[in-house]
Amino acid sequence: MEPRTVLDKVVAAISLLAEPSGASRPAIAKCMTANYGETSAALLKRAIAAGVKCGKLVQTGQRFSLAGVAVPPRLGCTVVKAVLKEGSGAVSQLGDTIDVKYVGSLADGSQFDRAAHFRFTLGAGDVIKGWDAGIPGMRVGERARLEVPPSLGYGKKGSAPEIPPNATLTFDVTLNSIAGPVP
């Protein structure tokens, strides 16, 4: 049955995305556009708020999932995290604005990106899904290696010319600071 209301389309999009940690608003909007046509940002925002208020949706940080539905992770769709240096500061969580230092490499060891300071909101869909899955729980000062499968990185298309299709990515990430949740 075709979803009729904007909230019905949001629910259908979240089901289609089947993200274990919930789906971000940009991911929901993109899925809705692809499957049901364009929806204004204001209507989408109101529908999500109404879904949370009536109990159909659960909000965790900047991500939304269906109430009462546990979505198991897909096979091969997990981030492998190895702590290289323990941190001693605050613990990062979804919704926090964080600053990280990182080096990104391909499976052959070639480096494709690096930054001493990169700031973003954790769980808001600002970065690849592998970071939103692997960085929560890191402490300030912690250095970790994240092995990100293609499904949580750049997928089948890659990101030419640096990242080929279906690439498993390795990131050495240090959590520099946490600014706290975005109001």
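Position labels on residues start from 1 in each chain and follow its written sequence. Selection of residues for local features in this predicted model requires a pLDDT of at least 70, selection of side-chain atom pairs for listing and counting requires 80 or more, and totals for whole chains, interfaces and linings are taken over all residues. Just so you know, side-chain values use all the structure's heavy atoms and leave hydrogens and water out.

Undergrad: Would you explain the side chain of D132 in this entry?
TA: With respect to the helices, strands and loops of the structure, D132 is situated in helix α4 (residues 129-134). Residues adjacent in sequence count toward polar contacts only when both atoms are side-chain atoms; beyond that, a polar contact is any pair of N or O atoms within 3.5 Å, and within protein one must be able to donate a hydrogen and the other to accept it. A polar contact is formed between the side chain of D132 and the backbone nitrogen of G123, at a distance of 2.8 Å. Residue contacts are defined here by distance: any two heavy atoms, one from each residue, within 4.5 Å place the two residues in contact. Other than its neighbours up to four places away in sequence, D132 contacts R63, L94, F120, T121, L122, G123, A124, G125 and V127. Here a helix means four or more residues in a row that DSSP labels H or I, a strand means two or more in a row labelled E, and each is numbered from the N terminus.

Undergrad: What's the story with the UniProt feature "domain: PPIase FKBP-type" (unreviewed entry) in the chain in this structure? I'm lost.
TA: UniProt positions are given in the numbering used here, feature names are shortened, and annotations may be inferred rather than shown by experiment. Cross-referencing UniProt, the feature "domain: PPIase FKBP-type" (unreviewed entry) maps to residues 95-179 in the present numbering. The span residues 95-179 shows a helical share of 7% and a strand share of 46%, and its end C-alpha atoms are spaced 10 Å apart.

Undergrad: In this structure, what is going on with the environment of E19? I would like to understand it.
TA: Relative to the helices and strands, E19 resides in the loop between α1 (6-17) and β1 (23-24). By relative accessible area, E19 is classed as buried at 11%. The spatial distance from the C-alpha of E19 to the C-alpha of S105 is 25 Å, given a sequence separation of 86 residues. Think of it in three bands: with a 1.4 Å probe and only protein chains considered, a residue is buried below 20% of the maximum accessible area for its type, exposed above 50%, and partly exposed in between.

Undergrad: Looking at this model, I keep getting lost on the sheet that holds β1. Mind explaining?
TA: Working definition: the strands of a sheet are paired by backbone hydrogen bonds and lie parallel or antiparallel to each other. Read from one edge to the other, the open sheet built from three strands follows the order β1-β3-β2, with strand pairing classed as antiparallel. With partners counted over all chains shown, the strands left at the sheet margins are β1 and β2 (57-60), one partner each. Pairing between β1 and strand β3 (residues 63-66): two bridges, direction antiparallel. For A23, the partnering residue across the bridge sits in β3 and is F64. Between N-to-C directions, angles cover 0 to 180 degrees, with each direction set by a line fitted to C-alpha atoms, over the stretch in contact for helices. Across the face of the sheet, helix α3 (residues 41-54) comes into contact with β2 and β3 while running at roughly 105° to β2. Strand pairing is assigned whenever DSSP detects at least two bridges linking the two strands.

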